[in-house]
Amino acid sequence: MTRLKFQLEATASGSRARAGRFTTLHNEVLTPTFMPVGTHAAVRAQRREDVLTSGAGVLLANTYHLMLRPGVEIFEKFGGIHRFMNWPRSVLTDSGGFQIFSLPGSRSVSEECAEFKSYVDQTLIRLSPESSIAAQRAIGSDIMMVLDQCVASTVERGVAQRAMELTHRWALRSLAARGDSPQALFGIVQGASYADLRAASARAIADMPFDGYAIGGLAVGEGSGAREDCTGIVTELLPQDKPRYLMGVGTTRDLLEAVHRGVDMFDCILPTALAKQGVAFTSLGRRDLRRAAYRGMHGPIDPKCDCPTCKTHSIAYLFHLNKVQEPQGWQLLGLHNIHFYMQLMRTMREHILADDWLPFYRSQRDLLDARDSYGAPVRHVTKAQRQKLKLKLGRYEVLIRDGVGHIREMASGEVMHSVNDPAEEARSLYVEQSRLVERLAKPDAPPLVVWDVGLGAGTNAMAAIQAVEAMWRRAAADGPHAARRLTLVSFENDLDSLKLALRHPAWFKHLRHAAPRGLLADDRWSSAAAGVDWQLLRGDFNATKFTAPLPDVIFFDPFSFKTDSALWTLAAFRELANLLSAKAVELFTYSYSTSVRAALLASGFYVARGRGTGPKAETTIGLTPRAAVDAAGRELSHGRELLGEEWLAKWRRSDAQAPLGTDSSDASWHHAVRAHPQFQTRFVYP
Ligand SMILES: [Zn+2]
């Protein structure tokens, strides 16, 4: 007999997304649907009325937990979970397989059953396919799940295969154990992240007469790509006329991807679990109430939501409740999240029925994952909106990765600070390595001059200014303080990159400061409080460098040779070395290429290894002779590690020996590198 009358209503064009409906012992459920998790016969911190109002048609309860507390006998006494918790709609009970696998404590699995210790009183509990079904029959759920052996999705193949095969044998025993119960029963597909095992399991389980089919063992260690692949493999093999349920998944974006692959049912603790941490899923992406930007913000947490929370309370109020850890904050945010999930499922269903799923799916993918990393409302960006949002200017465009903006030169594709966090790279490679703050600790010395070659989006310059401002904030706590002034000279021939980044302060957090706009307006910006004078020299560095005060430190961060060729040639470095010959100067650059190092050496710089960043194991520091050695020829390294014989040997073997911009007619550089004092044995180390 068919216990769930599943009716497939529509499948979207260009997708496997489906809309359908099924009838349980209690109600009709429209799919795709989300099932709020009521582990202990209650959704965390939520009243049943509120869960009902959200439109939830099925509640998920955990057999494992309910067996331990209150115990099966209580459900027998009350005639099932519906009467016990006064829930009028459907309940789905899981089998306990996932909890046995995931909760701490010893457990063992045999052909017969799983044995584990109760986390409540440490008694030994045996759970077999038959006893799990017996417990679920007593609980009286509308949909029961078979007992499965759940393993981490990343286990080795042999383990995954044995667990899968046991799950298949247990599935047959579960079907037999159901007997004539009117409750529906779903089989579970296992197979970890192995595509062939997933396919084999889907075929085996699909051959058994279940009322629906679940995909288990995902969201337990694999990445979202592997999860989506497995989901797609399985749904392709499952019968069209039965519902498919992806267990324990996931974020709103995960749901969207799984619906696209033909899944109908979901459960996940995230809406309530993240609410406890202050995180809301909204039509603007995720919003995190721990961010200070929300402290005084008017308006609901989601302007498009009509849940009781959004209709009643401002973001500022929710921020406050979260801040003081008031349980009502958790409740109100959880309520919104459940409503948001349910509304998302209804919207997905409407688009499938209207057969305009694909454009909807594409428009939501990035939006649902967007995060308010910098506290500002997250804007959703479609291709059509890119131009409108002014994401391009001149030769540059903005890229956004994980909520952080990057500037790309479109012709070359080169990205400024292509590491995950440009501000962190600027701090580490340039500000910290140059010991900028230490150098300022000499109040009587003349101003420290820093050249910022390649202003770009102002990342390095602002890292320097912010480090100095932080120094003054720390000093302020200790009373009157004096320090050396900082003269920061930025060189740039195309200010479009800074102008473009300034349009998007949400993604370029370092620009939320008066300095960059002041610099653009007046070509200079000064801070009396922090003792900083920032100047802008427009034009080509090779020409403007002669007009700047001589530096102590150089942040050498232009685009690479293929984009900013003239800055990396032997001739350019020779000219720079001549200009700086009378001064102790340290030059820091991200490049560690053999030819750039050869150019520095051939120009007379000493060359040391710099810190690594992102995928680069090291970078480069160039030192003028006065910065590298004292009058007696002793190294003044400040801990710098000069390149030695080993590098020279590598250079001799290299295909990239020649500095950039040299030709075969002039090989004077070759001798200059080999004969560099840094490689001579007479070089005296202290
Ligand atoms: Zn809401």
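Just so it is clear, the model here is predicted, and its values are computed rather than measured.

1. Concerning the overall build of the protein
At step 1: Each helix and strand counted, the protein has 27 helices and 28 strands in total.
At step 2: Residues classed as buried in the protein amount to 56% of the 686 residues present.
At step 3: In the protein, the share of contacts with a sequence separation of at least 24, taken over all contacts with a separation of at least 6, comes to 69%.
At step 4: For the protein, the exposed surface amounts to about 28600 Å²; the carbon and sulfur share of it is 51%.

2. With respect to the sheet that holds strand β22 (residues 524-527)
At step 1: A sheet is described by the order of its strands in space; here nine strands give the open sequence β22-β23-β21-β20-β24-β25-β27-β26-β28, paired in mixed fashion. Single-partner strands in this sheet number two, and they are β22 and β28 (641-642).
At step 2: In terms of strand pairing, strand β26 (residues 606-610) meets strand β27 (residues 619-623) through five bridges, oriented antiparallel. In the sheet register, Val607 faces β27, and the bridge partner there is Gly622.

3. Concerning helix α23 (residues 570-579)
At step 1: Buried residues of α23: Leu570, Ala572, Phe573, Leu576 and Ala577, and no others. Each buried residue of α23 lies within a common arc of 160° when the element is viewed along its axis, so the set occupies one face. Among the exposed residues of α23, those pointing more than 90 degrees away from its buried face are Ala571 and Asn578.

4. Quick look at empty space enclosed by the protein
At step 1: Following the criterion strictly, the structure yields four cavities of 30 Å³ or more and no others.
At step 2: If you go around the largest cavity, the residues you meet are Gly405, His406, Ile407, Met416, His417, Pro422, Ala457, Thr459, Phe508 and His510.
At step 3: Tallying contributions element by element places strand β19 (residues 404-409) first for the lining of the largest cavity, with three residues.
At step 4: Of the residues assigned to the lining of the largest cavity, the class counts are five nonpolar, five polar and no charged.

5. Section: the coordination of the zinc ion
At step 1: Surrounding the zinc ion are the protein donor atoms Cys305 (SG), Cys307 (SG), Cys310 (SG) and His336 (ND1), at 2.0 to 2.3 Å.
At step 2: Seen from the zinc ion, its four donor atoms lie at angles of 102 to 118°, and the figure they make is tetrahedral.
At step 3: Here the donor residues of the zinc ion share one chain and are spaced in sequence as C-x1-C-x2-C-x25-H.

6. Section: the side chain of His82
At step 1: Residue position: His82 is located in helix α4 (residues 81-85).
At step 2: A distance of 3.0 Å separates a polar atom in the side chain of His82 from a polar atom in the side chain of Asp142.
At step 3: The residues touching His82, leaving out its near neighbours within four places in the chain, are His26, Trp87, Arg89, Ser90, Val91, Gly140 and Asp142.

7. Regarding unusual backbone geometry
At step 1: Along the chain, Arg69 connects to Pro70 via a cis peptide bond; the corresponding omega equals 10°.
At step 2: Positive phi, close to 60°, is recorded for Ala41, a residue that is not glycine.
At step 3: As for its placement among the helices and strands, Ala41 is situated in the loop between β4 (33-36) and α1 (48-53).
At step 4: A positive phi angle is found at Asp523, which is not glycine, with a value near 65°.
At step 5: Mapping Asp523 onto the fold places it in the loop between α21 (514-522) and β22.

8. Re the packing of aromatic side chains
At step 1: This structure, assessed with the given rule, holds 21 aromatic pairs.
At step 2: Each ring, one from Phe78 and one from Phe84, has its centre 5.3 Å from the other, and the planes form 70°; the classification is edge-to-face.
At step 3: Residue classification places Phe78 among the partly exposed positions, given a relative accessible area of 39%.
At step 4: The rings of Trp451, Phe491, Phe541, Phe556, Trp568, Phe573 and Tyr590 are connected pair by pair, giving a single aromatic cluster.
At step 5: Directly above the aromatic system of Trp330 lies the positively charged group of Lys276, at a separation of 4.6 Å from the ring centroid.
At step 6: Above the ring of Phe541, the side-chain terminus of Lys545 is found at 5.6 Å from the ring centroid.

9. A look at the sheet that holds strand β14 (residues 265-268)
At step 1: Overall, parallel pairing links the eight strands, which are arranged β4-β14-β13-β12-β11-β10-β6-β5 in an open sheet. Of all strands in the sheet, those with a lone pairing partner are β4 and β5 (58-62), marking the two edges. Neighbouring strand axes in the sheet, compared pairwise and without regard to direction, differ in orientation by 25° on average.
At step 2: As paired elements, strand β10 (residues 143-145) and strand β11 (residues 184-189) share three bridges and run parallel to each other. By the bridge assignment, Met145 is partnered in β11 with Phe186.
At step 3: Helix-sheet contacts for helix α8 (residues 195-206) involve β11 and β12 (212-215), and the interaxial angle to β11 is about 160°.

10. Some remarks on the pattern of salt bridges
At step 1: Under the criterion given, the structure shown has 35 salt bridges.
At step 2: One salt bridge connects Glu112 with Arg173, and the closest N-O pair in it is separated by 3.5 Å. In this pair, Glu112 is assigned in the loop between β7 (107-109) and β8 (114-117) and Arg173 in helix α7 (residues 157-178), connecting sequence segments 61 residues apart.
At step 3: Since its relative accessible area comes to 42%, Glu112 is described here as partly exposed.
At step 4: Between Lys583 and Asp552 there is a salt bridge; the shortest N-O distance is 3.4 Å. Placement of Lys583 in the loop between α23 and β25 (586-589) and of Asp552 in the loop between α22 (541-544) and β24 (553-556) is noted, with a sequence separation of 31 residues between them.
At step 5: Shared partners join several salt bridges into a network, and the residues in it are Glu228, Arg253, Glu257, Arg261 and Arg365.

11. Considering the layout of surface pockets
At step 1: Size it by volume and the second largest pocket reaches roughly 650 Å³.
At step 2: Lining the second largest pocket are 34 residues, and of these Val37, Phe98, Gln99, Asp267 and Ile269 sit closest to its centre.
At step 3: Among the elements that line the lining of the second largest pocket, the one with the most residues is helix α5 (residues 97-102), at four residues.
At step 4: A breakdown of the residues in the lining of the second largest pocket according to their chemical character gives 15 nonpolar, 14 polar and five charged.

12. What about the environment of Asp355?
At step 1: Secondary-structure assignment places Asp355 in the loop between α14 (327-353) and α15 (357-369).
At step 2: On a C-alpha basis, the gap between Asp355 and Ala17 in space is 9.8 Å, while along the polypeptide they are 338 residues apart.
At step 3: If sequence neighbours within four positions are ignored, Asp355 has contacts with Ala12 and Ser13.

13. What about the side chain of Ser527?
At step 1: Topologically, Ser527 is positioned in strand β22.
At step 2: Judged by relative accessible area, Ser527 falls into the buried class, the value being 9%.
At step 3: In this structure, Ser527 is in contact with Arg485 and Val532, ignoring residues within four places of it in sequence.

What counts, and where the lines are drawn
Residues numbered from 1 in each chain as written. Predicted model: local features only at pLDDT ≥ 70, side-chain atom pairs only at ≥ 80, totals over all residues. Heavy atoms only, no water. Helix = DSSP H or I, 4+ residues; strand = E, 2+ residues; numbered from the N terminus. Buried < 20%, exposed > 50% of the residue type's maximum accessible area, 1.4 Å probe, protein only. Contact = heavy atoms within 4.5 Å. Areas by Shrake-Rupley, 256 points an atom, 1.4 Å probe, with all protein chains shown as cover. Pairing = 2+ DSSP bridges. Arc of directions from axis to C-beta. 1 Å grid on protein atoms, 1.4 Å probe; cavity = no way out; pocket = protein on both sides within 12 Å on 5 of 7 lines; lining within 4 Å. Points joined across faces, edges and corners; volume = space filled by probe spheres on them. Nonpolar A, V, L, I, M, F, W, Y, C, P; charged D, E, K, R; others polar. Donors = N, O, S within 2.8 Å, 3.2 Å for Na, K, Ca; no water. Tetrahedral: all angles 85-135°; square planar, octahedral: opposite > 155°, others 65-115°. Polar contact = N/O pair within 3.5 Å; in protein donor to acceptor, adjacent residues only side chain to side chain. Phe/Tyr/Trp six-rings, centres within 6.5 Å; stacked < 30°, edge-to-face > 60°. Lys NZ or Arg CZ within 6 Å of the ring centre and 35° of its normal. Axes fitted to C-alpha atoms, helices over the stretch in contact; angles between N-to-C directions. Salt bridge = Lys/Arg side-chain N within 4 Å of Asp/Glu carboxyl O.

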